[in-house]
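Structural overview
Residue strings, one per chain:
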Amino acid sequence: AAAKETKSLDTKPLDYEEVYQAIADILEDNDYDDGSLGPVFVRLAWHASGTYDVETKTGGSNGATMRFEPEALHAANNGLAIARDRLEPIKKKFPEISYGDLWTLAGVCAVQELGGPTIPWRPGRQDVDDGKSCTPDGRLPDAGQGERHIRDIFYRMGFDDQEIVALAGAHSLGRCHPDRSGFEGPWQEAPTVFTNEYYKALRDRKWVKKTVKASGAQQWVDKKNPDVMMLPAEIAMYNDKAFKKFFNEYADSEEKFFTDFSKVFNKLLELGVPFKGDERVYHFKATTA
Ligand code: DDH
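Residues numbered from 1 in each chain as written. Predicted model: local features only at pLDDT ≥ 70, side-chain atom pairs only at ≥ 80, totals over all residues. Heavy atoms only, no water.

As for the domain arrangement of the chain
Put simply, the rule reads: Start and end positions for the domains come from either an automated domain assignment or a database one. The contact rule is simple, with two residues in contact once any of their heavy atoms fall within 4.5 Å. The term buried area denotes the loss of accessible surface (1.4 Å probe radius) that occurs when two parts are joined, taken as the sum for both partners. Only one rule defines a salt bridge in this text: a Lys or Arg side-chain nitrogen within 4 Å of an Asp or Glu carboxyl oxygen. Strands are runs of DSSP state E lasting at least 2 residues, helices are runs of H or I lasting at least 4, and numbering of each runs from the N terminus. In this classification, Asp, Glu, Lys and Arg are treated as charged, Ala, Val, Leu, Ile, Met, Phe, Trp, Tyr, Cys and Pro as nonpolar, and every other residue, Gly included, as polar.
Domains assigned within the chain are domain 1 (12–139 + 265–270) and domain 2 (147–263). Relative placement of domain 1 and domain 2: their C-alpha centres are 21 Å apart. Opposite the 32 residues of domain 1 that make contact, domain 2 presents 22 residues. Summing both partners gives a buried area of about 2200 Å² for domain 1 against domain 2, and 59% of it is carried by carbon and sulfur. Summed over the three residues of domain 1 that lose the most area to domain 2, namely D34, L114 and K267, the buried surface amounts to 24% of that side. Put simply, R175 and D34 hold a salt bridge, and the shortest N to O gap is 2.9 Å. Those elements that provide at least two residues to the side of domain 1 that touches domain 2 are α3 (38–49) and α11 (254–270). For the side of domain 1 that touches domain 2, a count of residues per class yields 16 nonpolar, 10 polar and 6 charged.

Here it is in structure tokens:
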């Protein structure tokens with residue numbers, strides 16, 4: 001009995017505030033892309049979660065199946081090994097956290113630290129030990145396709161038109177890499193600051209077609225600043241009447257975008273997670289605020 005007592009006194013519950021802080025501490029890296037790992041962490045959290053299928057209740061961030069083949073090799077996940085590897089020292093430091101919790105927490109941390117809204121987050125994802133529950137390829141959106149495909153993909157996850165458009169605003173962060181997706185460039189000039197500039201760019205700029213030299217992929221670029229880009233799927237979405245209404249709402253109001261993004265990103269990261277219901281919901285405080 002004495003030994004048992006000592007053990008329970010020694011085991012400190014995992015402090016997710018500490019994990020959040022540890023992730024915040026590694027975001028800045030002047031040798032990587034635009035100086036921050038934040039965008040690729042957000043993409044990792046999204047691709048881990050966006051495999052969910054409401055009908056079969058398969059996929060999602062529970063399990064962290066992207067660690068295994070074949071999911072690790074799906075073309076949509078090109079480049080995400082970088083994000084997974086960069087989070088490995090944090091997993092070593094806090095071994096009790098599941099990879100599913102760590103990756104989604106990294107997405108939350110990155111959005112907040114780069115100036116975005118507070119995203120409620122709770123732990124509860126359990127890892128699996130092999131790739132048996134990897135989802136089939138093709139569950140994530142194909143940027144070369146149009147609005148019908150995008151609706152098919154996101155309705156399958158359980159999102160509606162407004163939520164699809166709110167989620168797309170994550171492209172306020174980061175860039176496309178020719179060796180990962182074939183596309184090239186950021187969506188606006190400040191890819192490490194979370195704002196509604198993505199929506200303003202779609203609404204206000206003149207977009208012209210361009211072929212990426214390195215890959216042959218077709219994308220759209222800002223006529224005035226051809227370093228800035230949009231994906232074929234995004235121009236197609238913007239030209240859809242029902243989607244356009246929401247794009248313009250978010251271009252008009254960053255406040256509305258932040259409120260809606262917080263809800264929908266939380267929903268995305270929780271798809272298919274078997275919460276017990278008594279988990280504490282965290283609202284982490286951004287260290288940069
Ligand atoms: Fe995305 N995204 N995404 N995206 N995404 C890419 C990069 C990033 C689509 C295609 C691409 C979301 C939705 C869509 C982020 C977050 C989110 C790239 C470039 C392509 C292509 C990858 C590369 O070359 O490195 C398409 C299509 C859609 C769609 O909605 C139709 C969503 C929902 C999110 C989210 O997080 C909620 C982020 C962040 C990046 C930047 C990554 C980086 O390394 O930088």
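Alright, that's what it looks like, and here's the rest.
Some words on the sheet that holds strand β4 (residues 218–222)
Two strands in a sheet stick together by hydrogen bonds in their backbones, pointing the same way (parallel) or opposite ways (antiparallel). Inclusion rule: Strand pairing requires that DSSP identify at least two bridges connecting the strands.
Ordered by their spatial adjacency, 3 strands build an open sheet running β3-β4-β5, and the pairing between neighbours is antiparallel. Among the strands making up the open sheet, the edge pair consists of β3 (207–211) and β5 (229–230).

Some thoughts on the layout of surface pockets
Take a probe with the size of a water molecule and roll it over the atoms, and the empty space left behind shows itself. This is how the line gets drawn: Both site types are read off a 1 Å grid over the protein atoms alone. A 1.4 Å probe that fits but cannot get out defines a cavity, while an open set with protein on both sides within 12 Å along at least five of seven lines defines a pocket; lining residues have an atom within 4 Å of a point. Grid points are joined across faces, edges and corners, and a volume is the space filled by probe spheres set on the points.
By volume, the second largest pocket amounts to about 160 Å³. Lining the second largest pocket are Y52, K57, T58, G59, G60, N62, G63, T65, V128, S133 and G272.

What to know about the site of the ligand
Note the cut-off: Throughout this document, a residue counts as near a molecule or strand when at least one of its heavy atoms sits within 4 Å of that molecule or strand. A 3.5 Å cut-off defines polar contacts: any pair of N or O atoms within that distance qualifies, except that in protein one atom must be a possible hydrogen donor and the other a possible acceptor, and neighbouring residues in sequence count only when both atoms are side-chain atoms.
The environment of the ligand is made up of 23 residues, and the closest members are W46, H171, R175, H177 and S181. W46 is positioned such that a nitrogen or oxygen atom in its side chain is 3.1 Å from a nitrogen atom of the ligand. Elements with a minimum of two residues in the shell around the ligand: α3, α6 (147–157) and β1 (175–176). Sorting elements by how many residues they give to the shell around the ligand places α3 first, with 5 residues. Its residues placed into classes, the shell around the ligand shows 16 nonpolar, 4 polar and 3 charged. Viewed by domain, the shell around the ligand spans two of them, domain 1 (12–139 + 265–270) and domain 2 (147–263), each represented by three or more residues.

Observations regarding the nonpolar core
Filter applied, for reference: Grouping buried Ala, Val, Leu, Ile, Met, Phe, Trp, Tyr and Cys residues that are joined through side-chain atoms within 4.5 Å yields what is termed a nonpolar core. When accessible area is computed with a 1.4 Å probe and restricted to protein chains, residues below 20% of their type maximum are described as buried, those above 50% as exposed, and intermediate ones as partly exposed.
The biggest cluster of nonpolar side chains holds 87 residues, and the ones touching the most others in it are I23, F41 and F265. In terms of residues, this core owes the most to one element, helix α5 (residues 99–113), which gives 9 residues. When residues are assigned to domains, this core turns out to be shared by domain 1 (12–139 + 265–270) and domain 2 (147–263), each giving three or more. When sequence neighbours within four positions are dropped, the list of residues in contact with F41 reads I23, I26, L27, A83, R86, L87, A106, G107 and A110.

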